[in-house]
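# Analysis of the macromolecular model
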Amino acid sequence: MVKPIVDEGTPEQRWRAWPAMSAWPPLALDPAEPPLVVAPHPDDEILGVAGLMAMLGRADLVAVTDGEASHPHSTVHSPTELAAIRRAETTEALSRLGLRGTAVHRLGQPDGDIHESIVTKELTALLTPGRWCLSTWREDGHPDHEAVGRAAAAACAATGARLLEYPIWTWHWAAPGDPAVPWHRARRIELTAEARFAKAAAIAAFPSQIAALGPAEADAAILPPHVLARFTRPFEVVFT
Ligand SMILES: [Zn+2]
């Protein structure tokens, strides 16, 4: 169900103070082939699983949209310009993760109006039995994240691929122990120091999202420091 993403959200200190997080089982990092990482918008894959991608040293990416709607009333950039900027940011982020050989499948779906059936078809063509498919969680609270999550789930069901869902906006609207979140399916990915460093560098490759485009309110940062704080943990979380 789509949740309102408003206000400051749950502070990272509250999450870090929640003892259950440290008790979640580790995810065994044993994929037989490069995982397929699916991003509704450029940066979702980095915020969610950049550390995992860096540690595996290989991953292919599906960029569902180019994120052209991040600043719909920008006084600085047109949607077309934003799409080009964000595509380039993804390329730079992958490079900073040491993933220069990554195949990037760009679906060119409209930001904010993803056609779920088309995404399902595209993912089904890329997945094989047992291949890992990392996607935003089906109930992450953002319509695009949920559409992509449902498409990934359907494609995994059709192909026998392994679905792993990463939460993004869940950390904003949910609170520790929130019954709307399947915490029993949570698995931890402990990041090495190198992976944390690479992830931080990759996040910094998205100035269009982590900094203001300009002084107008319509050009404010999408990912201000209190939001980014949730993605600088020494571990990542997926739902199996
Ligand atoms: Zn997103």
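Scope of this entry: the structure provided in the associated data block. (Residues numbered from 1 in each chain as written. Predicted model: local features only at pLDDT ≥ 70, side-chain atom pairs only at ≥ 80, totals over all residues. Heavy atoms only, no water.)

## Looking at the coordination of the zinc ion
Our working rule: Metal sites are built from N, O and S donor atoms within 2.8 Å, or 3.2 Å for Na, K and Ca, and they leave out water, so they may look incomplete. Any site counts as irregular unless it has four donors with all angles between 85 and 135 degrees, making it tetrahedral, or four or six donors with opposite ones more than 155 degrees apart and the rest between 65 and 115, making it square planar or octahedral. Residue burial is assigned from relative accessible area. The probe radius is 1.4 Å, only protein chains are included, and a residue is buried under 20% of its type maximum, exposed over 50%, and partly exposed in between.
Every protein donor of the zinc ion is listed here as His-41 (ND1), Asp-44 (OD), Asp-44 (OD) and His-145 (NE2), and their distances to the metal cover 2.0 to 2.5 Å. One can describe the site at the zinc ion as irregular: its 4 donor atoms subtend angles covering 55 to 143° at the metal. Expressed as a motif, the donor residue spacing for the zinc ion is H-x2-D-x100-H. For the residue pair His-41 and Asp-44, the accessibility class agrees, reading buried in each case.

## Remarks on the packing of aromatic side chains
When we look at a pair of aromatic rings, we describe it by the centre distance and by the angle of the planes. Heads up, the rule is: Two rings from Phe, Tyr or Trp (for Trp, the six-membered ring) form a pair when their centres are within 6.5 Å of each other. A pair whose planes differ by under 30 degrees is stacked, one over 60 is edge-to-face, and the rest are tilted. Secondary structure elements are defined from DSSP: runs of H or I of at least 4 residues count as helices, runs of E of at least 2 residues count as strands, and each element is numbered from the N terminus. Charge-over-ring contacts are defined here by two conditions on Lys NZ or Arg CZ: a distance within 6 Å of the ring centre and an angle within 35 degrees of the ring normal.
Under the defined criterion, the tally for this structure stands at 10 aromatic pairs. On the basis of an interplanar angle of 75° and a centroid distance of 5.3 Å, the ring pair of Trp-137 and Phe-239 is categorised as edge-to-face. Taken together, the residues Trp-137 in the loop between strand S4 (132–136) and helix H6 (143–159) and Phe-239 in strand S7 (residues 235–239) connect sequence positions 102 residues apart. With respect to class, Trp-137 is no different from Phe-239; both count as buried. Here the aromatic cluster, defined as three or more aromatic residues joined through ring pairs, consists of Trp-15, Trp-18, Trp-24, Trp-137, Trp-171, Trp-173, Trp-183 and Phe-239. Over the ring of Phe-235 we find Arg-188; its NZ or CZ atom is 3.8 Å from the centre of that ring. One residue, Arg-233, lies across the ring of Trp-171, its end atom 4.0 Å from the ring centre.

## Structural notes on the pattern of salt bridges
The criterion, for reference: Within this document, salt bridges are pairs made up of a side-chain nitrogen of Lys or Arg and a carboxyl oxygen of Asp or Glu, the two lying within 4 Å of each other.
A full pass over the atoms with the stated rule returns 12 salt bridges. Taking the shortest distance from any N to any O, the salt bridge between Arg-86 and Asp-43 comes out at 3.5 Å. Taken together, the residues span a long stretch of sequence, with Arg-86 in helix H4 (residues 79–96) and Asp-43 in the loop between strand S1 (36–39) and helix H3 (44–56) at a distance of 43 residues. For the pair Arg-86 and Asp-43, a shared accessibility class is recorded, and that class is buried.

## Describing H4
What counts is decided by this rule: Between the first and last residue of a helix there are one fewer steps than residues, each counted as 1.5 Å, and that sum is the expected span. When we speak of the arc, we mean the arc of directions from the helix axis to the C-beta atoms. The contact definition used throughout considers only heavy atoms, calling two residues in contact when any of these lie within 4.5 Å.
Between the first and last C-alpha of H4 there are 26 Å, a value that for 18 residues agrees with the 26 Å anticipated at 1.5 Å per step. Among the residues of H4, Leu-82, Ala-83, Arg-86, Glu-89, Thr-90, Ala-93 and Leu-94 are the ones counted as buried. Angularly, the buried residues of H4 cover 130° about the axis, an arc narrow enough to put them on a single face. Buried residues belonging to H4 abut H3, strand S2 (60–65), strand S3 (104–109), helix H8 (193–203) and helix H9 (207–210). The positive-phi residue at the C-terminal boundary of H4 is Gly-98, with phi of around 80°.

Such coordinate-based values are descriptive only and should not be taken to indicate function.
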